[in-house]
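What follows is each chain in one-letter form.
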Amino acid sequence: MSEQTSDLQRRLARPAYPRSAAYDQRRLIETVMGPHPLWLMEALTQVLPLQPGMRVLDLGCGRAATSVFLAKEFGVRVTAADLWIKPAENWARIRQAGLADAVTPLHAEAHALPFADGYFDAIVSVDAYHYFGTDDLYLAYVTRFLRPGGRLGIVVPGLVAELEASAPPEHLRGHWARDFNTFHSPAWWRRHWERGGGVDVEVADAVPGAWEDWLLWSEVCVAEGVAAAQGDLDLIQADRGRTLCFARAVARAN
Ligand SMILES: C[S@@+](CC[C@H](N)C(=O)[O-])C[C@H]1O[C@@H](n2cnc3c(N)ncnc32)[C@H](O)[C@@H]1O
């Protein structure tokens, strides 16, 4: 390992995420789509128990780094489903990771999932569920693919507290994108899922330390030449955890 690479590994080794620290951080930077996907997934698996052999849907898996992580770390069988990223692209990465028997890549739209009811032991999603899961009827739709007692778990960019005004707070006005209107507080997610019915909400909180982690990750991505990370960096520096967080929620299907 070159000195530069081991510096990067050291810099991105977060004490809260020891499993993620073992992965090739440069490769993660090369396939980045937003915040560090493994940190978000590790934060989720710290509150969502997984057992070897379970069937897990990684919904909105992007470039499937989290799907590989789940299979490797927990011995689960993963369906890596995504809309924007082609399964052939993910299949190459899955095979390269030696997980061809454990991870199946799939092109899927979150509202038209091609699975049998009750098929999965867990459905997980990081940095994706806010694109489709804020709809009032979505929870009942997606949880029908869980067996009774199976769990749905998400980590999404969110708000510390719901905004009172319809406009974003002053310090974020220059940074606000339309997507951010899908950001909600952990308390909002709890209520949204409690109202949705058919589940017991076990967790709804903000991932501890997540904005500092997002800041570090964005700084490193920008320094490594990922121009697209500059917007996130400006946003987090402007906010510094005042308004934005990562909301984490886990529910158990009845
Ligand atoms: C910001 S990327 C995050 C990807 C990955 N989870 C990660 O953390 O690197 C959001 C992902 O959500 C997926 N997505 C958005 N809308 C979707 C939908 N309606 N159905 C399935 N996937 C969707 C996109 O394909 C995209 O890969």
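Heads up: the structure comes first, above all this text.
Residues numbered from 1 in each chain as written. Predicted model: local features only at pLDDT ≥ 70, side-chain atom pairs only at ≥ 80, totals over all residues. Heavy atoms only, no water.

Participant: How should I be thinking about empty space enclosed by the protein in this particular structure?
Facilitator: Left-over empty space is what a probe sized like a water molecule reveals as it rolls over the atoms. Applying the stated criterion across every chain, the model contains 1 cavity of 30 Å³ or more. Each pocket or cavity is described by its volume, and for the largest cavity that value is around 80 Å³. Contributing to the lining of the largest cavity are Tyr 17, Pro 35, His 36, Trp 39, Leu 40, Val 207, Ala 210, Asp 213, Trp 214, Trp 217 and Phe 246. Secondary-structure elements contributing two or more residues to the lining of the largest cavity are α4 (37–45) and α9 (210–223). When residues in the lining of the largest cavity are grouped by element, the largest group, 4 residues, is from α9. A class-by-class count of the residues in the lining of the largest cavity yields 9 nonpolar, 1 polar and 1 charged. (1 Å grid on protein atoms, 1.4 Å probe; cavity = no way out; pocket = protein on both sides within 12 Å on 5 of 7 lines; lining within 4 Å. Points joined across faces, edges and corners; volume = space filled by probe spheres on them. Helix = DSSP H or I, 4+ residues; strand = E, 2+ residues; numbered from the N terminus. Nonpolar A, V, L, I, M, F, W, Y, C, P; charged D, E, K, R; others polar.)

Participant: Just to check I follow, could you spell out the packing of aromatic side chains for this structure?
Facilitator: The geometry of two aromatic rings is summed up by the distance between their centres and the angle between their planes. Counting across every chain of the model gives 20 aromatic pairs. Pairing Tyr 119 with Phe 120 gives two aromatic rings, centres 4.9 Å apart and planes at 85°, and the pair type is edge-to-face. On the basis of an interplanar angle of 85° and a centroid distance of 6.0 Å, the ring pair of Tyr 129 and Trp 193 is categorised as edge-to-face. Taken together, the positions of Tyr 129 in the loop between β4 (120–126) and α7 (138–143) and Trp 193 in helix α8 (residues 186–196) put the pair 64 residues apart, joining distant regions of the chain. (Phe/Tyr/Trp six-rings, centres within 6.5 Å; stacked < 30°, edge-to-face > 60°.)

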